[in-house]
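Residue-level structure breakdown
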Amino acid sequence: MAGGVLFTGTTVVAGALATPLILRALGTERFGAFRAMADAFAYLWLLEIGLSGSLMTRLVHALGTRNDDAVRRIMASGWRAYWIIAIAMLFGGAGLTLILPTFLHLRSVNPHEMQMACLVLLINALVTPAALFRALAEARQRGYIVHISQTAIALLTVVFAVMAARAGWGLQGQAAASVGAPLVVLPMLIRDGASRFPGWFRAPLDRETTGSLWGLNGPMFVIALSARLGTLSDNLLVAGLLSPALVAPFYLTQRLGSALQFQLLNIGSATWAGLSELHLQGKQRAMRERLLELSTIVTAASLVLLVPVAAYNRAFVSLWVGSSMYASDLVTLMGCVNIWLSALVSLWGWPITGTGSVRLIVPVTLSSLAVNVAVSIVATSRWGIIGPLVGTLAALLGISIWAVPRLLKRLFELSPVSLLTRALWPLTYGLPYAVCVWFASRQWPPTSWWQLLAEGTLSALAGAGLFLVTMPAAARNAWWGRLNTLVAGDQA
């Protein structure tokens, strides 16, 4: 979690400083075109067909049983599989290079410039096998190593992107910035995993290990496809159905919330391995209670982080890149609601996938994907820039928020009523708190960065204080006990 805070804080500050410089240097259409192009290339990760999720699940089982030989065999199989995927990504990227300039209907940007930038982005396929070591770090509950490497990549990418934009290198320069940073940082992540399991590269391959990896890749692929289409398609829909120039306000209005969304999702990604280990050890009651507790924490953290965003985002965007880049209050509000619900659904889905029951969640994922894409297309065509957010909200409320708890009931005997009750409980104080913060932001609108920082910080602290005051005494005592144990362990 601390690693996630470091990553979020760093990316928010770096992005806030760099984006106006990049936007002015590139122009609105070129900036939006690169965002859409980057999202399109992110779809190439679908060619991974769920291998990373399958790897994490199998590695958790091998690590939980202290079977280092099995870990080495899984790593060897995963490494070879990722190189096959890298080759497929190269061919897929070549296809996008031919298609994108026609799809995006560019006016002031030369299609040849976009094609050259696409060719530069193809280099990313060559670092695909490093995903093996990210899966290993997550399974070892060393996600902080992943966050540190991601933080370094984000910082280097921002520095390279600003330098390239100011040098007038256009889309090719932005593509080079996104490619160069991982090449500098990822060797650190690889070394961390390889040093713990020496000899993994020479581990023998066997059908059982290979079969166990590919046995879950189909369901994992469906989940990855849903995630990509449900989020990355938003910018593409706006660019394709409306205009690439509208991608800039749509993206920038949600930028602050999206940065904080990573931190909320990190609650699930930081705890899934521990929850799975409790289940594998037969500690079902403890596992259920932890998941209920985490559900309350996700909603409380969402209120603390997202209420100030909803209230002060107009001022933030205006000070950051100008009021013309602010889409609307409705985009901000719907984006925040979607982030909260997505964080809850993600948390609830981790125990299902982490314990190897991923096939059960596939029908839910496909139904949610169908609703999201269909509603997004129709809503964007009719209502404009708000359309993709309407599609996401429809999928979350119509499918995911009630279907995933039913699966938890089936697998872990966890009551959906108890789960939803614990998740919604912070709203009893959160909704009045949100109204007060919204009123304060309109009554005393910030006109400077210092005033915005002060009002936003005070609002977040007020939300955190309300959560602590209203927390049941038993839960508060449990947290004090955990903190005391942590301090005592550090001192020892």
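Relevant structure appears above.
Okay, so let's go over this structure. (Residues numbered from 1 in each chain as written. Predicted model: local features only at pLDDT ≥ 70, side-chain atom pairs only at ≥ 80, totals over all residues. Heavy atoms only, no water.)

Focus on the overall build of the protein
Counted only if it meets this: Only DSSP runs of H or I covering at least 4 residues are called helices, and only runs of E covering at least 2 are called strands; the numbering of each starts at the N terminus. Computation of the radius of gyration draws on C-alpha atoms, with the globule rule given as 2.2 Å multiplied by the number of residues to the power 0.38. Whether a residue is buried, partly exposed or exposed follows from its accessible area with a 1.4 Å probe, protein chains only, as a fraction of its type maximum: under 20%, in between, or over 50%, in that order. Between two residues, a contact is recorded if the distance between any of their heavy atoms is within 4.5 Å. For every accessible area listed, the method is Shrake-Rupley and the probe measures 1.4 Å; residues are considered covered only by the protein chains on display.
For the protein, the count of helices and strands is 21 helices and 0 strands. A globule of 492 residues ought to have a C-alpha radius of gyration of about 23 Å, and the protein, at 23 Å, matches this closely. Overall, the C-alpha framework of the protein stretches about 60 × 55 × 45 Å when taken along its three principal axes. Taking all 492 residues of the protein together, 52% fall into the buried category. Contacts spanning at least 24 positions in sequence make up 85% of the contacts within the protein whose residues lie at least 6 apart. Of the roughly 21800 Å² of accessible surface on the protein, a fraction of 68% belongs to carbon and sulfur atoms.

Topic: the nonpolar core
Nonpolar side chains tend to gather and get buried jointly when the protein is soluble and globular. Which entries qualify depends on this criterion: Here the nonpolar core consists of buried residues drawn from Ala, Val, Leu, Ile, Met, Phe, Trp, Tyr and Cys, with membership extended through side-chain atoms lying within 4.5 Å.
Among the nonpolar cores identified, the biggest contains 70 residues, and Ile22, Leu252, Trp348 and Leu408 are the most heavily contacted of them. Here this core takes 19 residues from helix H14 (residues 284-321), the largest share from any one element. Once you skip the residues sitting within four places of it in the chain, Leu408 turns out to touch Leu291, Trp348, Ile352, Glu413, Leu414 and Leu419. In terms of nonpolar packing, the next biggest core, distinct from the first, is built from 69 residues, Ala33, Leu63, Ile74 and Ala239 among them.

Let's talk about the packing of helix H5 (residues 111-121) against helix H8 (residues 170-196)
A packed helix pair is summarised by two numbers, namely the angle formed by the two axes and the spacing between the axes. This is how the line gets drawn: Geometry is summarised by axes, namely lines fitted to C-alpha atoms with helices restricted to the contacting stretch, and by angles between N-to-C directions that run from 0 to 180 degrees. Between 65 and 115 degrees an angle is taken as roughly perpendicular, under 35 as roughly parallel, over 145 as roughly antiparallel, and anywhere else as oblique. Residue classes follow a fixed rule: Ala, Val, Leu, Ile, Met, Phe, Trp, Tyr, Cys and Pro count as nonpolar, while Asp, Glu, Lys and Arg count as charged, and any other residue, Gly among them, counts as polar.
Where H5 contacts H8, the axes come no closer than 8 Å and their chain directions differ by 10°. On the basis of the axis angle, H5 is roughly parallel to H8. Between H5 and H8, the residues in contact are Glu113, Met114, Met116, Ala117, Val120 and Leu121 and Gly170, Leu171, Gln172, Ala175, Ala176, Ser178 and Val179, respectively. Grouping the constituent residues of the contact of H5 with H8 by class yields 9 nonpolar, 3 polar and 1 charged.

So, the packing of aromatic side chains
Using the following cut-off: Any two of the Phe, Tyr and Trp rings considered here, Trp counted by its six-membered ring, make a pair once their centres fall within 6.5 Å; the pair's planes then place it as stacked at under 30 degrees, edge-to-face at over 60, or tilted in between. Distance and angle both matter: a charge sits over a ring if NZ of Lys or CZ of Arg is within 6 Å of the ring centre and within 35 degrees of the ring normal.
Under the definition given, this model contains 9 aromatic pairs. When the ring of Trp79 is compared with that of Trp200, the centres are 5.6 Å apart and the planes differ by 75°; the resulting orientation is edge-to-face. Within this pair, whereas Trp79 is found in helix H4 (residues 68-103), its partner Trp200 is found in the loop between H8 and helix H9 (207-215), the two being separated by 121 residues in sequence. Trp79 gets classed as buried once you look at its relative accessible area, which sits at 18%. A ring pair is formed by Trp200 and Phe201, whose centres lie 5.5 Å apart and whose planes are at 90°; its orientation type is edge-to-face. Since its relative accessible area comes to 9%, Trp200 is described here as buried. Using a relative accessible area of 46% as the deciding quantity, one classes Phe201 as partly exposed. Linked through ring pairs, Trp79, Trp83, Phe133, Trp200 and Phe201 together constitute an aromatic cluster. Note that Arg80 overlies the ring of Phe201, its terminal NZ or CZ placed 5.7 Å from the centroid. Positioned above the aromatic ring of Phe197, the side-chain terminus of Arg196 is 4.5 Å from the ring centre.

Focus on the pattern of salt bridges
So the rule is basically this: Definition used for salt bridges: Asp or Glu carboxyl oxygen within 4 Å of a side-chain nitrogen of Lys or Arg.
Evaluated as defined, the whole model comprises 8 salt bridges. With a closest N to O distance of 2.7 Å, Asp192 and Arg142 form a salt bridge. You can see Asp192 sitting in helix H8 and its partner Arg142 sitting in the loop between helix H6 (131-139) and helix H7 (143-166), a full 50 residues away along the chain. If you follow the salt bridges from partner to partner, you end up with Arg140, Arg142 and Asp192 in one network.

Thoughts on the packing of helix H16 (residues 362-383) against helix H17 (residues 387-412)
Condition: Two helices cross in a left-handed way if the nearer one is turned anticlockwise from the farther one by less than a right angle. They cross in a right-handed way if the turn is clockwise.
Packing of H16 against H17 leaves a shortest axis separation of 6 Å and a crossing angle of 160°. With respect to H17, the axis of H16 lies roughly antiparallel. The chirality of how H16 crosses H17 is right-handed. Touching Val364, Ser367, Ser368, Val371, Asn372, Val375, Ser376, Ala379, Thr380 and Trp383 of H16 are Gly387, Pro388, Val390, Gly391, Thr392, Ala394, Ala395, Ile399, Ser400, Ala403, Val404 and Leu407, all from H17. Here the residues of the contact of H16 with H17 sort into 13 nonpolar, 9 polar and no charged.

Some thoughts on unusual backbone geometry
A positive phi is found at Glu413, a non-glycine position, where the angle reads about 55°. Here Glu413 lies in the loop between H17 and helix H18 (416-424).

Thoughts on helix H15 (residues 329-354)
Short version of the rule: The span one expects for a helix is its residue count, reduced by one, times 1.5 Å.
End to end, H15 covers 37 Å across 26 residues, agreeing with the expected 38 Å (1.5 Å per residue, within 8%). With 20 of its 26 residues buried, H15 lies for the most part within the structure.

A closer look at H16
How we decide: Summarising the geometry, the arc corresponds to the directions from the helix axis toward the C-beta atoms.
Under the 1.5 Å per step criterion, the end-to-end length of H16 is 30 Å for 22 residues, consistent within 8% with the ideal 32 Å. Residues Val362, Val364, Thr365, Ser368, Leu369, Asn372, Ser376, Ala379 and Thr380 constitute the buried set of H16. The buried residues of H16 occupy one face: seen down the axis, they fall within an arc of 145°. Structural note: H16 exposes Ser381 and Arg382 on the side pointing more than 90 degrees away from its buried face. One or two residues past the end of H16 sits Gly384, with phi positive at roughly 80°.

Digging into the side chain of Ser295
Along the chain, the position of Ser295 falls in helix H14. Filtering out sequence-adjacent residues up to four positions away, Ser295 remains in contact with Leu344, Leu347, Trp348, Leu419, Arg422 and Ala423.

Comments concerning the environment of Arg58
As for its position among the elements, Arg58 is in helix H3 (residues 51-64). Linking Arg58 and Tyr429, residues 371 residues apart in sequence, is a C-alpha distance of 41 Å.

Points about a nonpolar patch on the surface
For the record, the criterion: Like-charged residues are merged into a patch within 9 Å and nonpolar side chains (Val, Leu, Ile, Met, Phe, Trp, Tyr) within 5 Å, provided each residue has over 30% relative accessible area and no salt bridge.
Taken together, the side chains of Trp83, Leu90, Ile123, Leu126 and Leu183 make up a nonpolar region of the molecular surface, amounting to roughly 420 Å² of accessible area. Counting through the fold element by element, Ile123 comes out in the loop between H5 and H6. The partly exposed category is assigned to Ile123, whose relative accessible area is 35%.

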